[in-house]
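So you can see what is in the structure, the chains are spelled out below.
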Amino acid sequence: MNTENTATPLTPFVNKIFLSGEIASEYAFSHDVFGEGFYNFDILVPRLSDAHDLLPVTISERIIEGNRFTSGENIDIIGQIRSYNNYIEAENRNRLVLTVFAKDYNFAGDGSNINPNDVFLDGYICKPPIYRTTPFGREICDLLLAVNRSYNKSDYIPCITWGRNARFGAKLAVGDNIKIWGRMQSRIYQKKQEDGSVIDKTAYEVSVSRIESGKPMQ
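Keep in mind that what you see is a predicted model, and the values were worked out from it rather than measured.

(A) Structural view of the nonpolar core. Ile77, Leu121, Cys159, Ile180 and Val206 are the most contacted members of the largest nonpolar core, which has 36 residues in total. Not counting chain neighbours up to four residues away, the residues in contact with Ile180 comprise Val119, Phe120, Leu121, Leu145, Cys159, Val206, Val208, Arg210 and Ile211.

Written out as structure tokens, the structure is:
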């Protein structure tokens, strides 16, 4: 791992993601902050089934070290899940966007890790949980988790729980502190436009495999 030149140290373990997979797009310049440039690319991460998740990655030029992130190359990434609001002029609203903010990487990754998609979050419920059942009777609960970041910032991360975890999540209240373990997933859905046409969109969320409660926010 390229730890010597990491732009910022890993923050306390309230937000951590490990991914191992295949680079699925050439990296391209995204934006700069105070003279530091950031680049985006996608990574294709295998699930335990034959499916894959296509996840967006943001990386600082300060840890790229002249490397080229070539499509088809295997890579391991350690980082955090970050969120930001993207204003959509056509819809006159902000849309929550998620990305994996890379803190470190290794091109030796081959996607054969026992868990190629591993997430840990420690945060606070910031919207009332939404509990529902599918037509086939499967229990689901959607949670929005606020995870603290440096400089008094927070990331707002959608999480989805299933079965008994969904029943547990349904009982949570705004302000409750929880810890979750799971994986970040991509999900394609269809959105109907004002002109009646339908387009495919991609949502990103954390699929929760384990959840624990903490102390309510004071």
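The structure having been displayed, the exposition proceeds.
(B) Geometry of the packing of aromatic side chains. One pass over the full model with this rule turns up 9 aromatic pairs. Centre to centre, the rings of Tyr105 and Phe107 are 5.4 Å apart; their planes meet at 65°, and the pair counts as edge-to-face. Using a relative accessible area of 1% as the deciding quantity, one classes Tyr105 as buried. Overall, the relative accessible area of 24% leaves Phe107 in the partly exposed class. The side chain of Arg82 reaches across the aromatic face of Phe101, ending 4.2 Å from its centre. The ring centre of Trp181 lies 3.9 Å from the NZ or CZ of Arg210, which sits over that ring.

(C) Quick peek at the confidence of the model for the protein. For the protein, mean pLDDT is 86; residues scoring 70 or higher make up 86% of the total. Element-level mean pLDDT values for the protein span from 88 in strand S5 (residues 74–88) up to 97 in helix H2 (residues 163–170).

(D) Quick peek at the side chain of Asn117. Take Asn117: it is sitting in strand S7 (residues 117–125). At 2.7 Å, the side chain of Asn117 forms a polar contact with the backbone oxygen of Met184.

(E) Expanded view of the pairing of strand S1 (residues 15–23). With respect to burial, S1 is a largely interior element, 7 of its 9 residues being buried. Sheet analysis places S1 next to S7, joined by 5 bridges and oriented antiparallel. Residue pairing for S7: Lys16 is matched across the bridge by Phe120. Pairing of S1 with strand S3 (residues 36–46), which is carried by 2 bridges, proceeds in the antiparallel orientation. Across the sheet, the residue bridging to Glu22 is Leu44, located in S3.

(F) Inspection of the environment of Asn94 at higher detail. Looking at where Asn94 falls in the secondary structure, it is placed in strand S6 (residues 93–106). On the basis of relative accessible area, Asn94 is assigned to the partly exposed category, the value being 46%. Considering only alpha carbons, one finds Asn94 and Tyr84, 10 residues apart in sequence, at a separation of 9.4 Å.

(G) Spatial organisation of the pattern of salt bridges. According to the stated counting rule, one finds 9 salt bridges in the structure shown. For Arg132, the salt bridge is made with Asp142, and the minimal N-O distance between the two is 2.3 Å. Of this pair, Arg132 sits in strand S8 (residues 130–133) while Asp142 sits in strand S9 (residues 139–149); the two residues are 10 residues apart in sequence, bridging distant segments of the chain. For Arg132, a relative accessible area of 34% corresponds to the partly exposed category. Judged by its relative accessible area of 23%, Asp142 is partly exposed. Connected via shared salt-bridge partners are Arg47, Asp53 and Arg183.

(H) Structural detail: the pairing of S9. Here S9 lies mainly inside the structure; 8 of its 11 residues are buried. Note: S7 against S9, 2 bridges, orientation antiparallel. Counted as the bridge partner of Ile125 is Leu145 from S9. Judged from the 4 bridges that link them, S8 and S9 form a sheet pairing that is antiparallel. Within the sheet, the bridge partner assigned to Thr133 lies in S9 and is Glu139. Hairpin geometry of S8 and S9 is characterised by an intervening segment of 5 residues between the two adjacent antiparallel strands and by a positive phi of about 85° at Gly137. Pairing analysis gives 10 bridges linking S9 to strand S10 (residues 153–162), with the strands arranged antiparallel. Directly across from Asp142, in S10, lies its bridge partner Ile160. Where S9 hands over to S10, the hairpin turn is made up of 3 residues, of which Tyr151 adopts a positive phi near 65°.

Reading the values: rules and limits
- Residues numbered from 1 in each chain as written.
- Predicted model: local features only at pLDDT ≥ 70, side-chain atom pairs only at ≥ 80, totals over all residues.
- Heavy atoms only, no water.
- Core = buried A, V, L, I, M, F, W, Y, C linked by side-chain atoms within 4.5 Å.
- Buried < 20%, exposed > 50% of the residue type's maximum accessible area, 1.4 Å probe, protein only.
- Contact = heavy atoms within 4.5 Å.
- Phe/Tyr/Trp six-rings, centres within 6.5 Å; stacked < 30°, edge-to-face > 60°.
- Lys NZ or Arg CZ within 6 Å of the ring centre and 35° of its normal.
- pLDDT = per-residue confidence, 0-100.
- Helix = DSSP H or I, 4+ residues; strand = E, 2+ residues; numbered from the N terminus.
- Polar contact = N/O pair within 3.5 Å; in protein donor to acceptor, adjacent residues only side chain to side chain.
- Pairing = 2+ DSSP bridges.
- Salt bridge = Lys/Arg side-chain N within 4 Å of Asp/Glu carboxyl O.

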